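Take a look at the letters that make up each chain.
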Amino acid sequence: MGEPGKTPMQIDLRRHLREKEIDRDLTRLICEIADASKYIVNSIRTGDLGVAGTSNLYGEEQLALDVLSDRILRKRLTYSGVVNTIVSEETDEIIKVDSNGSGRFAVAYDPLDGSSLVDVNLAVGTIVSIFEGDDIMQPGRKQIAALYVLYGPRTTLVYTSGDGVYEFNMNHLMEYTLTQKVSLLAESGGIYSPGGQRNLYSKGVEALVSKLEEEGSKLRYSGGLVPDFNQILLKGKGMFLYPHLKGKPQGKLRLLYELNPMAFIMEQAGGAASNGKIPILDVQPESIDQTEPLFIGCRKEVELAERLIAELG
Ligand code: AHG
Ligand code: MN
Ligand code: MN
């Protein structure tokens, strides 16, 4: 675009959305989230790893990074003019934000997934789910867009609006430039990323993991959903699971903030996502903090998970 510091080949996020004819309000929303992520990445890189409620060197109130990230996002979304409803993993209440009635979208988000990994310097992310209208309690199939930002050695943004999955990289000017349209996943793969304690697995999940190991799958688990998922998505193979556990039949991960957006992205990349019985995107949410077991990745492996769980539990 002729701006200094850019090569002509780089397509930034806004231009990409315009070229894809994404409507103006949704473009606005995605770009607001992308802008918010610049402040979040800055807080992660430079901020005190404060505990909420304590004060820093200067006597100012210190915020835990997940609380700070939540405030950054909530502010941007509230003043974007295109959002009417917000729900966040951090606040756990539905917030109506539309003062002049122009907001078209309802947004659910996890401002900082994996926040306990920041102090050991592992990768973390922000996850966002977007619906048209003001009903946040809809099955994920109704999402019109979903995205995540991964704060790793690089900061990347991955989104879908229901027409493929695209990855962007934050450059030295803190602008997101298109790196790739994500390729479709293989039918089955060689990576597995198993959450939860194995001694609490059901017979079906134990059989699944044993089978993956017999087939030579490699273990890849960092403890952060965003980087673990991103690895499978971009390598184009494998499965992430956070299953139902003994004593935790609904698993750990949250439907609204974590599962729905990741499931939408995964299906758009040709993979599948299930709670072990039905597709994640068909689950009707009953409460905002609902959790579901998760099996997400290559189609054949998700089918295998469903089959073994139906047989063995
Ligand atoms: P959050 O930090 O938002 O509470 O979620 C962390 C999640 C997710 O990133 C990861 O897949 C999972 O918790 C890891 O849980 P375990 O430590 O039980 O494996
Ligand atoms: Mn989370
Ligand atoms: Mn979180």
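Residues numbered from 1 in each chain as written. Chains lettered and ligands numbered in written order. Predicted model: local features only at pLDDT ≥ 70, side-chain atom pairs only at ≥ 80, totals over all residues. Heavy atoms only, no water.

We now examine the packing of helix 4 (residues 203-214) against helix 7 (residues 299-312). Where helix 4 meets helix 7, the closest approach of the two axes is 7 Å, and the angle between their N-to-C directions is 140°. Compared by their axis directions, helix 4 and helix 7 come out oblique. Seen from above, helix 4 lies across helix 7 with right-handed handedness. Here Lys-203, Gly-204, Val-205, Ala-207, Leu-208, Lys-211 and Leu-212 of helix 4 come into contact with helix 7, specifically with Glu-301, Leu-304, Ala-305, Leu-308, Ile-309 and Leu-312. A breakdown of the residues in the contact of helix 4 with helix 7 according to their chemical character gives nine nonpolar, one polar and three charged. (Axes fitted to C-alpha atoms, helices over the stretch in contact; angles between N-to-C directions. Helix = DSSP H or I, 4+ residues; strand = E, 2+ residues; numbered from the N terminus. Parallel < 35°, antiparallel > 145°, perpendicular 65-115°, else oblique. Left-handed = near helix turned anticlockwise from the far one by under 90°. Contact = heavy atoms within 4.5 Å. Nonpolar A, V, L, I, M, F, W, Y, C, P; charged D, E, K, R; others polar.)

Turning to the packing of helix 5 (residues 225-235) against helix 6 (residues 255-268), a few remarks are in order. At a minimum axis distance of 12 Å, the contact between helix 5 and helix 6 shows a crossing angle of 10°. If you check the angle between helix 5 and helix 6, you find them roughly parallel. Packed against helix 5, whose contacting residues are Leu-225, Val-226, Phe-229, Ile-232 and Leu-233, the element helix 6 presents Glu-258, Met-262, Ile-265 and Met-266 at the interface. Of the residues contributing to the contact of helix 5 with helix 6, the split by class is eight nonpolar, no polar and one charged.

A few words on the sheet that holds strand 10 (residues 218-219). Strand order in the open sheet formed by five strands is 10-9-11-13-12, with mixed pairing between adjacent strands. Looking at strand neighbours, the two that pair on one side only are strand 10 and strand 12 (272-274), the edges of this open sheet. Where strand 11 (residues 239-242) meets strand 13 (residues 294-297), four bridges bridge the pair, whose relative direction is antiparallel. Looking at strand 13, one finds that Phe-240 is bridged to Ile-296. Sheet strands touched by helix 5: strand 9 (191-194), strand 11 and strand 13. Its angle to strand 9, the strand with the most contacts, is close to 165°. (Pairing = 2+ DSSP bridges.)

In the region of ligand 1, 17 residues are neighbours, and Asp-113, Gly-114, Tyr-221, Tyr-242 and Lys-252 sit closest. The contact in question runs from an oxygen atom of ligand 1 to an N or O atom on the side chain of Glu-89, over 3.1 Å. Between an oxygen atom of ligand 1 and a main-chain N or O atom of Ser-115, the distance comes to 3.3 Å. Put simply, ligand 1 lies in the largest pocket. Residue assignment for the shell around ligand 1 shows that the elements contributing at least two residues are strand 3 (105-113) and strand 11. With three residues, the single largest contributor to the shell around ligand 1 is strand 3. (Near = heavy atom within 4 Å. Polar contact = N/O pair within 3.5 Å; in protein donor to acceptor, adjacent residues only side chain to side chain. 1 Å grid on protein atoms, 1.4 Å probe; cavity = no way out; pocket = protein on both sides within 12 Å on 5 of 7 lines; lining within 4 Å. Sits in = over half its atoms within 2 Å of the grid points.)

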